[in-house]
Amino acid sequence: MDTYTFQDIFDIDFMQKLIDSLSAALQVGISIRGPQGERITKDSDYCSFCRDIVKKTPIGNARCEMSDRALSAHSDTKPYICHCQSAGLTDASVSILVEGRHLASILVGQVRLAEDVPDEEEYRTNARILQLDEDEFLEHVHGIPVITKAHFEDILDLLSLLANQFSQIGCGNLRLRTAVSSLEHQRLAHQQEKTVLETLAEKDSMTGLYNRRKFEEIMDMYAGQKGRRICMISADANFLKLTNDIFGHKAGDQLLINAAKIMDSLAKSDWLVARCGGDEFRVILPDTTLETALDYCRRVARDCGKDTTLSLPLSVALGAADWNSEHETLQDCFSRADAKMYQNKAVLKHELHVPDYIMDRLYDKQILSKKVVEYAAEMAFAFSRRLGLPQEHALEVSMAARYQDIGMAKLPESFYIRGQSRTEEESLRFKTHVTHGYTMARQFEELYKVADIILHSHESWDGKGYPNQLAGEQIPTESRIIHIVGDYTYWTVPTISGGNYSREIVIHKMRELAGSIYDPELTEQFFGFLEDYEHKTPCPD
């Protein structure tokens, strides 16, 4: 039984009172959140700094939420301590486990450690990043009491003891909950078993649509009803093989499930929608005009276009035909619908630009910043032209800069939780985004020619980069260009997760790294190019 939540086995009103009391007594901010950062109790703030100052701006509020989500994700048995992403204060989390399952975390914040108090300039820097008044920020942050690390550890020990008690109480509550529901589950199990046996004979187990056997049975029934108005639709889900090849069969299964859900939801109750194997769907529409069938096709295509939850676009090619029972069989009618479907499939694949769809999902999830990527692509083109590359060649460099991190779409989203440190194994896995990007680029005709540039875009001049540890001029010039341009834009273009360093600071840093990370000669040429370029094309805000 693994579907229960913290709220199912604990009294949340009591927990709120307890957390409020602890916050006031210990003089720290406390709350309980779920593993994904969802609130279980309201924040218990013993001071108003976070609520009235930091969260007053959108960026401050967003950073607080990111810190809380990162803390909530930890499920270690020992307390986890880190700096918050907004004001530089100290945060911690204590996990609550029930039968070994991470149900919630006690988050602790609004703490200034005596051994780790930032200087005034660091506080002012934080205030500026959060777009807050510096003096007001300093006044309120200095109002938070300073405690020793030993005192803070005592607080965490107390909360760890409480978490352990919660775990034991939760186990007892869970056993009671299980016993109460056991009889109901047995009753439901008999009914479900009966339902499953009835549906297995005619339903597709993955999508829940009717299967080929049921479709052919109904088609045979209608085939003998000469003179009846019937339409047939043939449909194929686009990009199934590409989804399977790039993102795996689980992602491909989800594509089929989403397509099936849309097709079924838009169909009338007397229509039969079936999945007949692979990416193939069929629909029988009795007593329906061709105009209605075509309208259904348009609505399916429209709703598929609205789905942005998948790794690749959800797109279904459809073809419809009405049955002329005097001159053809019902199978002939379907064959005409199938031929029209393939005509539409070719048009759809030409219209949809899949690499941009993948990049848009990375922007939506804030894994990449669109303004950083676009600025880097523009700058890579201009710098390549300054170096004397022909326009067509410079456009390829620009394209490689735009899609160099497309491989990040294959990595788990947990890798990008702000403030969460990666293990050595995760760091090694993160570096595979370059080889993922290379293999993905080779799947697309428009990116095939820049795949090698993408592959070597994270190599270092000293041979310590990845994935192939190429050194010096072994690294393609185009890859060296986008490495320099990409890092410069990442550090200088302000985003919610970073950037906003001054041009002078970044140039100083990159000059220090020239000869180890970057091609020293190209780096100096880039600095000479910058002054004129940024005067004409300012860094985006």
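How each quantity is defined
Residues numbered from 1 in each chain as written. Predicted model: local features only at pLDDT ≥ 70, side-chain atom pairs only at ≥ 80, totals over all residues. Heavy atoms only, no water. Salt bridge = Lys/Arg side-chain N within 4 Å of Asp/Glu carboxyl O. Buried < 20%, exposed > 50% of the residue type's maximum accessible area, 1.4 Å probe, protein only. Phe/Tyr/Trp six-rings, centres within 6.5 Å; stacked < 30°, edge-to-face > 60°. Core = buried A, V, L, I, M, F, W, Y, C linked by side-chain atoms within 4.5 Å. Helix = DSSP H or I, 4+ residues; strand = E, 2+ residues; numbered from the N terminus. Contact = heavy atoms within 4.5 Å.

A.B. asks: I tried to follow the pattern of salt bridges on my own but got confused; where do I start?
C.D. replies: Taken as a whole and assessed by the stated rule, the structure comprises 31 salt bridges. The salt bridge partner of arginine 39 is aspartate 43, with a shortest N-O separation of 3.1 Å. The partly exposed category is assigned to arginine 39, whose relative accessible area is 42%. The class for aspartate 43 is partly exposed, based on a relative accessible area of 27%. Across the pair glutamate 134 and arginine 128 runs a salt bridge whose closest N-O atoms are separated by 3.3 Å. Using a relative accessible area of 41% as the deciding quantity, one classes arginine 128 as partly exposed. A network of salt bridges, in which partner residues are shared, links Arg33, Arg39, Asp43, Lys55, Glu65 and Asp68.

A.B. asks: So what exactly am I meant to see when it comes to the packing of aromatic side chains here?
C.D. replies: Working definition: an aromatic ring pair is given by the centre-to-centre distance plus the angle between the planes. Enumeration according to the criterion identifies 13 aromatic pairs in this entry. Relative to phenylalanine 10, the ring of phenylalanine 6 has its centre 4.4 Å away and its plane inclined at 20°; by these criteria the two rings are stacked. Taken as a pair, phenylalanine 6 and phenylalanine 10 share a single burial class, namely buried. Between the aromatic rings of phenylalanine 383 and phenylalanine 526, the centroid separation amounts to 5.2 Å while the plane-to-plane angle is 70°, which identifies the pairing as edge-to-face.

A.B. asks: Is there a simple way to explain the nonpolar core in this structure?
C.D. replies: Buried together is how nonpolar side chains tend to be arranged in soluble globular proteins. Among the nonpolar cores identified, the biggest contains 56 residues, and Met379 and Phe526 are the most heavily contacted of them. At eight residues, the largest contribution of residues to this core is made by helix α14 (residues 370-386). Apart from the residues within four sequence positions on either side, methionine 379 is in contact with Val485, Tyr488, Thr489, Phe526, Phe529, Leu530, Tyr533 and Glu534. Grouped together as the second largest cluster of nonpolar side chains are 31 residues, Ile9, Ile30, Val98 and Ile147 included.

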